[in-house]
Amino acid sequence: AQKVTQAQTEISVVEKEDVTLDCVYETRDTTYYLFWYKQPPSGELVFLIRRNSFDEQNEISGRYSWNFQKSTSSFNFTITASQVVDSAVYFCALSDLYSGAGSYQLTFGKGTKLSVIP
Amino acid sequence: DAGVTQSPTHLIKTRGQHVTLRCSPISGHKSVSWYQQVLGQGPQFIFQYYEKEERGRGNFPDRFSARQFPNYSSELNVNALLLGDSALYLCASSFNGGRSGNTIYFGEGSWLTVV
């Protein structure tokens, strides 16, 4: 069965510090997709990044970067020079090709609540 | 372009009542999925519809049902509400149900409180 573990329940950092959110996943499939979403208090899940299992290149987008390591089944997310607006709950999610009868649902971790203190 | 829209945004129901939640996907998207998110947890998959057919169902009781209309909008229905149904219900839209890792976009959700 698919599983996503976000071991950090809550993290607090002071503004301008760097912070890394950890994500470890389990799947039996060789083809799968990993996602990160941000959830502000309003509730909407905001898409941040998608990565497929065949692309282990790290990615940087502005202050955000992602480190995908298949060998350790991890897909960690780093925010550089954190800002107060980064405060939110961040979810890592897994979508694999053979989830159920033709469905491709996301399996989410429990989320990491990030608080950036001014 | 409009994103995923859901209605109502907030509602309060009494135990035993019925609720209908609505979702309009992003224009051009043919798949809608529903997720339930209880406080402090990640979203849990309820249903997926693609081209108006149910393509997947999560581990939820038969009190939960859904359908997708010809215009690809969708309704989630919950009968005989229980206190434990209190949650944020999220609708997700994708072009083809997430195949090939297509990005899945979410609406702002419907906050349901059962009293």
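Higher on the page you've got the structure.
Residues numbered from 1 in each chain as written. Chains lettered and ligands numbered in written order. Predicted model: local features only at pLDDT ≥ 70, side-chain atom pairs only at ≥ 80, totals over all residues. Heavy atoms only, no water.

Draft legend 1. Region of the structure containing the interface of chain A and chain B. Counting residues at the interface gives 21 residues for chain A, matched by 25 residues for chain B. Note on chain A versus chain B: buried area summed over both sides is about 1900 Å², and carbon and sulfur give 55% of it. Ranking the residues of chain A by area buried against chain B places A:Glu44, A:Leu45 and A:Tyr104 at the top, with a combined share of 24%. At the boundary of chain A with chain B, the tally comes to 0 salt bridges. Listing elements by their share of the side of chain A that touches chain B, those giving two or more residues are β5 (32-39) and β6 (46-52) of chain A. The element that contributes the greatest number of residues to the side of chain A that touches chain B is β5(A), accounting for 4 residues. Here the residues of the side of chain A that touches chain B are counted per class, giving 11 nonpolar, 7 polar and 3 charged. (Contact = heavy atoms within 4.5 Å. Buried area = accessible area lost by both parts, 1.4 Å probe. Salt bridge = Lys/Arg side-chain N within 4 Å of Asp/Glu carboxyl O. Helix = DSSP H or I, 4+ residues; strand = E, 2+ residues; numbered from the N terminus. Nonpolar A, V, L, I, M, F, W, Y, C, P; charged D, E, K, R; others polar.)

Draft legend 2. The environment of B:Thr14, seen in detail. Residues and elements named next belong to chain B. Its place among the elements puts Thr14 in the loop between β2 (10-13) and β3 (19-24). Between the C-alpha atom of Thr14 and that of Ser73, which follows or precedes it by 59 residues, the distance is 26 Å. Setting aside anything within four residues of it in sequence, one finds Thr14 in contact with Leu81, Val114 and Val115.

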